[in-house]
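A look at the structure
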Amino acid sequence: MKALVLEKQHVLSLRDIDLPSQTGPDDVKIAIHTVGICGSDVHYYTHGAIGKFIVKAPMVLGHEASGTIVEVGAKVKSLKVGDRVCMEPGVANMNSRATKLGLYNLDGDLTFWATPPDHGCLTPHVIHPAAFTYKLPDHVSFAEGAMVEPFAVGMQAATRARIQPGDVALVTGCGPIGIMVALAALAGGCAKVLISDISAPKLKIAAQYAGIIPVNITQQNLKEEVEKHTSGWGVDLVFECSGSPRVYPTLFDHIRPGGAVVIVGLPVEPVAFDVAGAVVKEARIETVFRYANVYDRAIDLMGSGKVDLKPLITATFDFNDSIKAFERAAEGRPTDVKLQIRLDH
Ligand code: ZN
């Protein structure tokens, strides 16, 4: 089947590759419609690895997808041919101890689209377990359906944060995930969310949403802004989404006593942080690894209109222009939030 294949670092090709074609009893076959390009896809393309995940063999890219069911396995009851769906790219071992605890994102046997050695979904058809395939409401477009995956990271962060109605939050880092986290935090009950970055164009995109307050740290003092918006008390929650070690020394300065820091961005190196600064506030620290059990709620928020991710879709490319799309994504234009690839059937 034709697919966008990362042959090795810096080398992409759109070519035929052998992929599973047999729909098992618990699987569905999906005609892929839209695939979003994620920072991780781009990182494998430009660096050939993310931490211990190294591209050692040709790998199909893409993990943020929506499509239409074209075949259902004999035991599948929840979905039918013609259903418009989006998919969780991670597939857990349903019998593992982590999965039974509800922590299937932490299952050691988890396979994940476009994480070596597992192929992704930038190909016309994929086979996927029905258990990780979710029906979209009629009025949620395929383009929005492909945004559920990155939004799920925001949903996981908001869930782990244990938001209380009226909380004030700070998101450090205004990339796509930072914005998703801010939107999930607002949907989860935050009254307002400050979001900090060094990029004015990125902040401008985030600021179009009511409730998001941009802070450009090249021009504004973050501590002063936090104090201004919380009457000097500090924010209830900080969501660290930049992955930058430079953020850590002052991370706990921004929270109120008893506040929480939720770590979403993954620094590539170990980072130092102010333990005493955390202790004197009895700060709670939460961490986020992908997501579990949030897709249904993410889809409901999008379906109800409470969360609108359409403004974050910057450009759409045809499947045949997939390589061009990745070259553009690798440029890292600050005005590009989400680039998507559309497959026509
Ligand atoms: Zn992603």
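Residues numbered from 1 in each chain as written. Predicted model: local features only at pLDDT ≥ 70, side-chain atom pairs only at ≥ 80, totals over all residues. Heavy atoms only, no water.

A few points about the side chain of Glu64
Mapped onto the elements, Glu64 comes out in strand β7 (residues 64–72). On the accessibility criterion, Glu64 (1% relative accessible area) is buried. With near-sequence residues (within four places) excluded, Glu64 lies in contact with Thr34, Val35, Gly36, Ile37, Cys38, Cys121, Ala146, Glu149, Pro150 and Lys338. (Helix = DSSP H or I, 4+ residues; strand = E, 2+ residues; numbered from the N terminus. Buried < 20%, exposed > 50% of the residue type's maximum accessible area, 1.4 Å probe, protein only. Contact = heavy atoms within 4.5 Å.)

Section: the coordination of the zinc ion
Of the protein atoms, only Cys38 (SG), His63 (NE2) and Glu64 (OE) coordinate the zinc ion, at distances of 2.1 to 2.8 Å. In primary sequence terms, the donor set of the zinc ion follows C-x24-H-E. Taken as a pair, Cys38 in the loop between β3 (27–36) and α1 (39–47) and Glu64 in strand β7 lie far apart in primary sequence, 26 residues in all. Looking at Cys38, the relative accessible area reads 17%, which means it is buried. (Donors = N, O, S within 2.8 Å, 3.2 Å for Na, K, Ca; no water.)

Some remarks on the domain arrangement of the protein
Domain parsing of the protein yields domain 1 (2–147 + 309–342) and domain 2 (153–287). Across the boundary between the two partners, domain 1 contributes eight residues, which contact eleven residues of domain 2. For the domain 1 and domain 2 pair, buried surface summed over both sides reaches about 820 Å², with 75% attributable to carbon and sulfur atoms. For the domain 1 face of the interface with domain 2, the top three residues by lost area are Leu312, Pro334 and Val337, together amounting to 54%. Connecting domain 1 to domain 2 are zero residue pairs in polar contact (both at pLDDT 80 or more). Of the residues in the side of domain 1 that touches domain 2, the class split is six nonpolar, two polar and no charged. (Domains from an automatic or database assignment. Buried area = accessible area lost by both parts, 1.4 Å probe. Polar contact = N/O pair within 3.5 Å; in protein donor to acceptor, adjacent residues only side chain to side chain. Nonpolar A, V, L, I, M, F, W, Y, C, P; charged D, E, K, R; others polar.)

Some words on the packing of aromatic side chains
As enumerated under the stated definition, the model contains five aromatic pairs in all. On the numbers, 5.5 Å between centres and 35° between planes, the contact of Phe252 with Phe273 is tilted. Of the two residues, Phe252 sits in the loop between β16 (235–240) and β17 (255–263) while Phe273 sits in the loop between β17 and α8 (275–279), which places them 21 residues apart along the sequence. Among the aromatic side chains, those forming a connected cluster through ring pairs are Tyr134, Tyr291 and Tyr295. (Phe/Tyr/Trp six-rings, centres within 6.5 Å; stacked < 30°, edge-to-face > 60°.)

Quick look at the layout of surface pockets
Here the second largest pocket defines a volume of roughly 320 Å³. If you trace the second largest pocket, you find 19 residues lining it, with Pro20, Trp113, His119, Ile127 and His128 closest to the centre. Elements with a minimum of two residues in the lining of the second largest pocket: β10 (111–112) and β11 (125–129). At five residues, the largest contribution of residues to the lining of the second largest pocket is made by β11. For the lining of the second largest pocket, a count of residues per class yields ten nonpolar, seven polar and two charged. (1 Å grid on protein atoms, 1.4 Å probe; cavity = no way out; pocket = protein on both sides within 12 Å on 5 of 7 lines; lining within 4 Å. Points joined across faces, edges and corners; volume = space filled by probe spheres on them.)

Regarding the pairing of strand β13 (residues 168–172)
Counting buried positions along β13 gives five out of five residues, so the element sits mostly inside the fold. Judged by which residues are buried, β13 turns out to be covered on both faces: Val168, Leu170 and Thr172 on one side and Ala169 and Val171 on the other are all buried. One ladder, built from five bridges, connects β13 with strand β14 (residues 192–197); its direction is parallel. Note on β14: the bridge partner recorded for Val171 is Ile195. Crossover connection from β13 via helix α5 (residues 176–187) to parallel β14: handedness right-handed. Pairing between β13 and β16: four bridges, direction parallel. Across the sheet, residue Ala169 finds its bridge partner in β16, namely Leu237. (Pairing = 2+ DSSP bridges. Right-handed = clockwise from strand over helix to strand, strands pointing away.)

Here's the deal with the pattern of salt bridges
Scanning the entire structure with this criterion turns up 15 salt bridges. Notably, a salt bridge pairs Arg15 with Glu7, separated by 2.6 Å at the nearest N-O pair. In this structure Arg15 comes out as partly exposed when scored by relative accessible area, which is 28%. A salt bridge links Glu331 to Arg333, with the nearest nitrogen and oxygen atoms 2.8 Å apart. Take Arg333: its relative accessible area is 36%, and that puts it in the partly exposed class. A single network of salt bridges, built from pairs that share partners, joins Arg160, Arg162, Arg284 and Glu286. (Salt bridge = Lys/Arg side-chain N within 4 Å of Asp/Glu carboxyl O.)

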